[in-house]
Amino acid sequence: MPSSSPPDDEPAPSPPEPFDRPRHIRYFAHSLKALPAAYAHLDTNRLTLCHFALHSLDLLGVLDDEDLMEQLEIRKDEIVDWIYSLQVLSSSPSADDDDDDENKKKTSNENEEHGLGGFKGGSFLGGPHQVLSTEKVTADICTESDGSRYKCLPYQGFEYDHCHVAMTYTALCSLAALGDDLSRFDRSGAIQSLKKLQLDDGSFQCIHFGSENDMRFLFCACAISHMLNDWSGVDVDKAVDFIRSCRSYDGAISLLPGQEGHGGSTFCAISALTLMGKDEEVLAEDGWRDELIRWCVSRQLGGMQGRPNKVEDTCYSYWIGGTLRLLGCDNLLDQETLTSFVLSCQTDMGGFSKVLGVYPDLLHSFYSMAWLSSSSSQGLNDLHCALGMRLASTNVFEQYK
């Protein structure tokens, strides 16, 4: 009878690293308070970094544990207030209820010119409470808790103070994870903003003043529309046609027409089609579904690579593993080997690295957590795969149904 043991010249595969929950909790909790200097260039994306840390903690069950939150000194209300301080309002409250109608009309026109509702990624353009005004700005005297005093100028919106569609997506996800009721969210302004962001080819740019446009921002627009249960800001037919135009020769999907298929843009497209309810219709065309499944499964080397001839990388465990999950075919992967690769990229300081042996970062740490959640292998909270957030945290969006 043949032996099931490996030959003498082949070492037995090592068991996967154990999932180090306490260390990951410390890593993500610390990341909410301070980040290494290497993150400085991402100041305009601070809201996304917050999103990665918060949702990882949500998948770990930390946000539900009041005692642990107290130990970690994480204050939900303070984070919620900070997120709302980054909201770009579609209309500004008047400083005086007795302002004449002409002034109100002027303010409204300025807001329309400067962009509509949503969120920006950080306070790099100033602080909270956006108010468009031509009045003279005066300084208030602010007093700190230690008695020190300084001049504090009220923040005023201006031409380049605009929302970003990806930041609006991450803000909504984060507010939901924190248990906010969204009563301060400018829902109508966010939907109107989407109308200005969609281009004639169906894709979306990220800001109103002209910017890059690709599949990432189309996904964000679809995610926002799904969460708010309002698709009036998206021309669905044009969006679907744009996704069709990005189909590569091998069945994968690119960021823009004519480019190489890629794991990240493929996930964004399939998730967008799923949220629009168009996935079955579109993927039934010309054998596309089978080509796409074959391409995704072929990306497994152990871990997942993002495209042919690239090394395996932890984030693609979610981008491509999540795509197969949305297609109902993630069982075609060797999930044990994939999970083992992801766990091998845990670091001594917590979090996950891109590849084995390098420092962790928040993006790869979150998407590693997202894969481990969707694969149900480590006792994490369930993931809403298409939205990229904890399933239970989506309950707040039921108010819009």
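The structure we're discussing is the one just above.
What you see is a predicted model, and the numbers here were worked out from it, not measured in a lab.

Student: Hey, could you run me through the pattern of salt bridges in this one?
Tutor: When the charged atoms of two side chains with opposite charge come close together, those side chains can pair. What the rule picks out here adds up to 18 salt bridges. For Glu212, the salt bridge is made with Arg216, and the minimal N-O distance between the two is 3.1 Å. On the accessibility criterion, Glu212 (48% relative accessible area) is partly exposed. One network of salt bridges, in which partners are shared, links Asp241, Arg244, Lys278, Glu281 and Glu285.

Student: Explain the packing of helix α14 (residues 335–344) against helix α15 (residues 362–374) to me, please; I cannot follow it from the model alone.
Tutor: To describe two helices that pack against each other, one gives the angle between their axes and the distance between the axes. Two elements in contact, α14 and α15, have axes separated by 11 Å at closest approach and are oriented at 150°. With respect to α15, the axis of α14 lies roughly antiparallel. The interaxial crossing formed by α14 with α15 has left-handed handedness. On α15, the residues touching Gln335, Leu338, Thr339, Val342 and Leu343 of α14 are Ser368, Trp371 and Leu372. Tallied by class, the residues present in the contact of α14 with α15 amount to five nonpolar, three polar and no charged.

Student: What is the right way to look at the nonpolar core in this model?
Tutor: Most often, soluble globular proteins keep nonpolar side chains buried together rather than apart. Membership of the largest hydrophobic core comes to 113 residues, with the highest contact counts inside it found for Phe119, Leu182, Phe185, Leu194, Met227, Ile243 and Tyr318. Residue contacts for Met227: discarding those within four places in its chain leaves Tyr169, Leu172, Cys173, Leu387, Met389, Phe397 and Tyr400.

Definitions and cut-offs
Residues numbered from 1 in each chain as written. Predicted model: local features only at pLDDT ≥ 70, side-chain atom pairs only at ≥ 80, totals over all residues. Heavy atoms only, no water. Salt bridge = Lys/Arg side-chain N within 4 Å of Asp/Glu carboxyl O. Buried < 20%, exposed > 50% of the residue type's maximum accessible area, 1.4 Å probe, protein only. Axes fitted to C-alpha atoms, helices over the stretch in contact; angles between N-to-C directions. Helix = DSSP H or I, 4+ residues; strand = E, 2+ residues; numbered from the N terminus. Parallel < 35°, antiparallel > 145°, perpendicular 65-115°, else oblique. Left-handed = near helix turned anticlockwise from the far one by under 90°. Contact = heavy atoms within 4.5 Å. Nonpolar A, V, L, I, M, F, W, Y, C, P; charged D, E, K, R; others polar. Core = buried A, V, L, I, M, F, W, Y, C linked by side-chain atoms within 4.5 Å.

Everything listed here is a matter of geometry and, on its own, says nothing about what the molecule does.
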